Amino acid sequence: QVRLVESGGGLVQPGGSLRLSCAASGSIFSMYAMGWHRQAPGKQRELVAAITPGGGGITKYADSLKGRFTIFRDNAKNTVYLQMASLKSEDTAVYYCNADKVLLRVLGGRSDYWGQGTQVTVSS
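Here's a quick rundown of the structure. None of these values were measured; they are calculated from a predicted model.

## A word on the state of the cysteines
In the structure shown here, the tally under the stated rule is one disulfide. Bridging Cys22 to Cys97, the disulfide has an S-S length of 2.1 Å. Between Cys22 and Cys97 the sulfur-sulfur dihedral comes to about -75°; the bridge is accordingly left-handed. One end of the pair, Cys22, is in strand β3 (residues 18-25); the other, Cys97, is in strand β9 (residues 93-100), and 75 residues separate them in sequence. Each member of the pair, Cys22 as well as Cys97, is classed as buried.

## Considering the pairing of strand β11 (residues 118-122)
The two faces of β11 differ: Thr118, Val120 and Val122 on one face are buried, but Gln119 and Thr121 on the other face are not. Pairing of strand β2 (residues 10-12) with β11, which is carried by three bridges, proceeds in the parallel orientation. Directly across from Gly10, in β11, lies its bridge partner Val120. Here three bridges tie β9 to β11, and the two strands are oriented antiparallel to one another. Bridge pairing links Tyr95 to Thr118 in β11.

## A word on the nonpolar core
With 31 residues, the main nonpolar core has Leu4, Met34, Trp36, Val80, Leu82, Met84 and Tyr95 as its most contacted residues. Contributing elements (two or more residues each) for this core: β3, β4 (33-39), β5 (46-51), β7 (69-74), β8 (79-84), β9 and β11. Setting aside its immediate chain neighbours within four residues, Met84 contacts Gly16, Ser17, Leu18, Leu20, Arg68, Phe69, Tyr95 and Val120.

## Regarding the packing of aromatic side chains
Following the criterion strictly, the structure yields two aromatic pairs and no others. Taking the centre distance of 6.2 Å and the plane angle of 75° together, the rings of Tyr32 and Tyr113 count as edge-to-face. Highlighted residues: Tyr32 in the loop between β3 and β4 and Tyr113 in strand β10 (residues 113-114), separated in sequence by 81 residues. As far as burial versus exposure is concerned, Tyr32 and Tyr113 are alike and both buried. When the centroid spacing of 4.9 Å and the interplanar angle of 20° are considered together, the rings of Phe72 and Tyr81 count as stacked. Since its relative accessible area comes to 28%, Phe72 is described here as partly exposed. We note Arg19 situated over the ring of Tyr81; from NZ or CZ to the ring centre the distance is 5.8 Å.

## Digging into the environment of Ser17
Within the secondary structure, Ser17 sits in the loop between β2 and β3. Ser17 sits 70 residues away from Leu87 along the chain, and the two C-alpha atoms are 6.2 Å apart. The residues contacting Ser17, other than those within four sequence positions of it, are Val12, Gln83, Met84, Ala85, Ser86 and Leu87.

## Brief notes about the side chain of Arg68
Summarising the element assignment, Arg68 is placed in the loop between β6 (59-61) and β7. For Arg68, a relative accessible area of 14% translates into the label buried. A polar contact is formed between the side chain of Arg68 and the backbone oxygen of Ser86, at a distance of 3.0 Å. A distance of 2.8 Å separates a polar atom in the side chain of Arg68 from a polar atom in the side chain of Asp91. Setting aside residues up to four positions removed in sequence, Arg68 forms contacts with Gln83, Met84, Ala85, Ser86, Leu87, Lys88 and Asp91.

Procedures and definitions
Residues numbered from 1 in each chain as written. Predicted model: local features only at pLDDT ≥ 70, side-chain atom pairs only at ≥ 80, totals over all residues. Heavy atoms only, no water. Disulfide = S-S within 2.5 Å. Helix = DSSP H or I, 4+ residues; strand = E, 2+ residues; numbered from the N terminus. Buried < 20%, exposed > 50% of the residue type's maximum accessible area, 1.4 Å probe, protein only. Pairing = 2+ DSSP bridges. Core = buried A, V, L, I, M, F, W, Y, C linked by side-chain atoms within 4.5 Å. Contact = heavy atoms within 4.5 Å. Phe/Tyr/Trp six-rings, centres within 6.5 Å; stacked < 30°, edge-to-face > 60°. Lys NZ or Arg CZ within 6 Å of the ring centre and 35° of its normal. Polar contact = N/O pair within 3.5 Å; in protein donor to acceptor, adjacent residues only side chain to side chain.

Set out below in structure tokens:
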């Protein structure tokens, strides 16, 4: 079992930055691929970014977010982060952390473990 708890969401102005954190517990964190998905009101949940297990040498991003968002992990702290920059109003959503031993399942949103989500609102 893996428990995931997101934090760091909030209200930010357009053009601003925000860092989300996802703390994991209950298993060996480094064995899991980790990801971030988001869901805006009235829209389907979509992939934001994912990172491979271990040292996180491979990262994947939604094409529309490349260059603005960065995913990275700190295995010593059992935490994965999402650094978001140049935020736009369309980035407003609930952001969810997910985990699975298989990267493809993380990418596809079919992973076994999910956090409760953290709200990000981009507005002036």
